[in-house]
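# Coordinates in review
Residues per chain are reported as follows:
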Amino acid sequence: MELVVALGLIVFKVALLIAILLLLPLPLTWVERKIAGHIQQRMGPMRVGWHGLLQPVADGIKLLTKEDHIPTEADRFLFKLAPILALAPPFVVFVAIPFGESVSVLGNEITLYVSNMNVALLFVFAVIGLEVYGVIIGGWAANSKYAVLGSLRTCAQMISYEIPMGFAVIGVVMLAQSMSLLEIVRAQADVWNIVYQPIGFFVFFVAGLAEAQRIPFDLAEAEGDLGAGFHTEYSGIRFAFFMVSEYVIMLLVSVLTVILFFGGWNGVLIPLPPLLWFALKVAFFVYLFMWFRFTFPRYRYDQLMAIGWKVLLPLSMANIIITGIAFS
Amino acid sequence: MSRAQDMIGTWIGWTFFADLAKGLGLTFGYMFSKTVTMQYPDKEKWLPYSRYRGHHFLKRDEEGEIKCVACELCARICPCYCIEVVPYEDEKGNRRPIKFEIDTARCLFCGLCEDACPADAIALGQQYEFSSFSSRDLVIGRDDLLAKPGKAATGGGVVAARLNTENDVLVETNEPQGYNWWRNIRRR
Ligand code: SF4
Ligand code: SF4
């Protein structure tokens, strides 16, 4: 009986997580377009619903009803596989992410995470790394020069930014003496890691921007020179898959930043519910992502590589050494 | 000395991303400044100034008679040759146009006809919504020109409007003067 309840709870949690993650990109696209509009002194969507609130729904209907086009020269199997490969890893990662300690419902304590892995951080990085397969395969299968160029770029970018990203979190792991995200947040109950790890945060966030392929590192889909990069040939629902995956990764990087450097659900000064604190912090970082997008121009490809290997990598290594010396 | 200080200052600025922060500050300011979008045509509409050169109109004198004396000066000065005037003699013995046609498809809205007219009979008014599916519809005759709206008394404002698509697509306004659109533009 116990086992059935526990299993049912896990299934329920996973279903809820998937539902939230699938639905969250809808309001996020609206928010992004509103922010874009207001930064450029425009209004953004205004016509569908109150202040364009139903615009994402209209877009969704449009994407669903659009022709699902597969180029004749494309590798049909890989072409269909790629969006799923791009979509799945970001969802899988969220299994290891805690959103809080626990809440009590009807006298039962329910934990706000699906699983508390002791190697959660490692799991997160390993699974995010898989996302690059969707991009490579998508670009390759489309058999178009823009797509191939875009996926080559993305591939190189993701591989070179995963290294500083991985190094940047070592400092955090050293402080918390654990790889479990839950333990890392608990270790920040008094002082957030950002105080001890400003360099680590900087490297992690910049690498995260690159990992999520957001401006200023959106080389993969540089509209100006590549059409739309690896998803040039995609349309309809398959394109929507790539879009959703991009938004989920953006969320993921925000969530990880909050957990690793900004104390997770630990609040300061104002006593709010932990989950609300967590959501507010994540919302701030999501806003930061969008704000960056409409402020900065895109980096050139060689600059991108130079930043990754010549700036972020040495910085992250220096961060490890400094942390090691200071907290040994 | 000061040059070296400047250099050091620039370097310190770069280290702390002063330039990026400045850009972010600018866009943040813009984010909360007023928008300049005009929700034309189904919510707002811009009213032209009185100096605006829109659709032509023909004037009447105090007795309600058309002012034009069919001297054909406007037709002569028009750089596009788009005015055609045919004179006739009315019951009172005055010279009047029996045919007065402007081909607005060719007109470049220079306003020379308005300047040339000795009888102050023709002018360019405030109407600017007369697109059409056929260039033949853009040839406007005498009676239509008499019915066109005259020059705007005031202008430059954005007023509430409504798109009416029932029989003819047209934009209806219901306010005399709205907010000043130009004021909303943030300049720096
Ligand atoms: S505005 Fe200029 S182009 Fe138009 S009818 Fe008058 S003179 Fe001709
Ligand atoms: S509108 Fe003026 S210029 Fe033209 S024919 Fe009439 S009186 Fe002459």
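Residues numbered from 1 in each chain as written. Chains lettered and ligands numbered in written order. Predicted model: local features only at pLDDT ≥ 70, side-chain atom pairs only at ≥ 80, totals over all residues. Heavy atoms only, no water.

Labelled according to an unreviewed UniProt entry, chain B appears under the name NADH-quinone oxidoreductase subunit I, originating from Sinorhizobium americanum. The record held by UniProt for chain B lists under Subunit (unreviewed entry) the comment "NDH-1 is composed of 14 different subunits. Subunits NuoA, H, J, K, L, M, N constitute the membrane sector of the complex." Quoted verbatim from the Sequence similarities (unreviewed entry) field of UniProt, the annotation for chain B is "Belongs to the complex I 23 kDa subunit family." (UniProt positions renumbered as here; feature names shortened; annotations may be inferred.)

By the naming in an unreviewed UniProt entry, chain A is NADH-quinone oxidoreductase subunit H, taken from Sinorhizobium americanum. The heading Subunit (unreviewed entry) in the UniProt record of chain A holds the text "NDH-1 is composed of 14 different subunits. Subunits NuoA, H, J, K, L, M, N constitute the membrane sector of the complex." Quoted verbatim from the Sequence similarities (unreviewed entry) field of UniProt, the annotation for chain A is "Belongs to the complex I subunit 1 family."

## A look at the site of ligand 1
With respect to spatial proximity, 13 residues lie near ligand 1, and among them Cys78, Cys107, Cys110, Gly111 and Cys113 of chain B are the closest. In the shell around ligand 1, the residues fall into 11 nonpolar, two polar and no charged. (Near = heavy atom within 4 Å. Nonpolar A, V, L, I, M, F, W, Y, C, P; charged D, E, K, R; others polar.)

## Focus on the packing of aromatic side chains
Evaluation of the coordinates by the stated rule reveals 27 aromatic pairs over all chains. Here the aromatic rings of Phe284 of chain A and Phe285 of chain A are separated by 5.4 Å at their centres, their planes lie at 75°, and the arrangement is edge-to-face. An aromatic cluster of at least three residues, connected via ring pairs, comprises Trp192, Phe201, Phe204, Phe205, Phe261, Phe262, Phe284, Phe285, Phe289, Phe292 and Phe296 of chain A. Directly above the ring of Tyr128 of chain B sits Lys45 of chain B, whose terminal nitrogen or CZ lies 5.4 Å from the centroid. Looking at Arg51 of chain B, its charged tip hangs above the ring of Tyr49 of chain B, at a distance of 4.6 Å from the centre. (Phe/Tyr/Trp six-rings, centres within 6.5 Å; stacked < 30°, edge-to-face > 60°. Lys NZ or Arg CZ within 6 Å of the ring centre and 35° of its normal.)

## A look at the UniProt feature "binding site: [4Fe-4S] cluster 2" (unreviewed entry) in chain B
Residues and elements named next belong to chain B. When the UniProt feature table is mapped to this numbering, "binding site: [4Fe-4S] cluster 2" (unreviewed entry) covers Cys78, Cys107, Cys110 and Cys113. Across 36 residues of sequence, these annotated residues stay compact in space, with a maximum C-alpha separation of 10.5 Å. Note that Cys78 resides in the loop between helix H3 (73–77) and strand S3 (83–89). As for its position among the elements, Cys110 is in the loop between strand S4 (95–103) and helix H4 (112–116). The class of Cys110 is partly exposed, set by a relative accessible area of 27%. When sequence neighbours within four positions are dropped, the list of residues in contact with Cys110 reads Arg53 and Pro79. (Helix = DSSP H or I, 4+ residues; strand = E, 2+ residues; numbered from the N terminus. Buried < 20%, exposed > 50% of the residue type's maximum accessible area, 1.4 Å probe, protein only. Contact = heavy atoms within 4.5 Å.)

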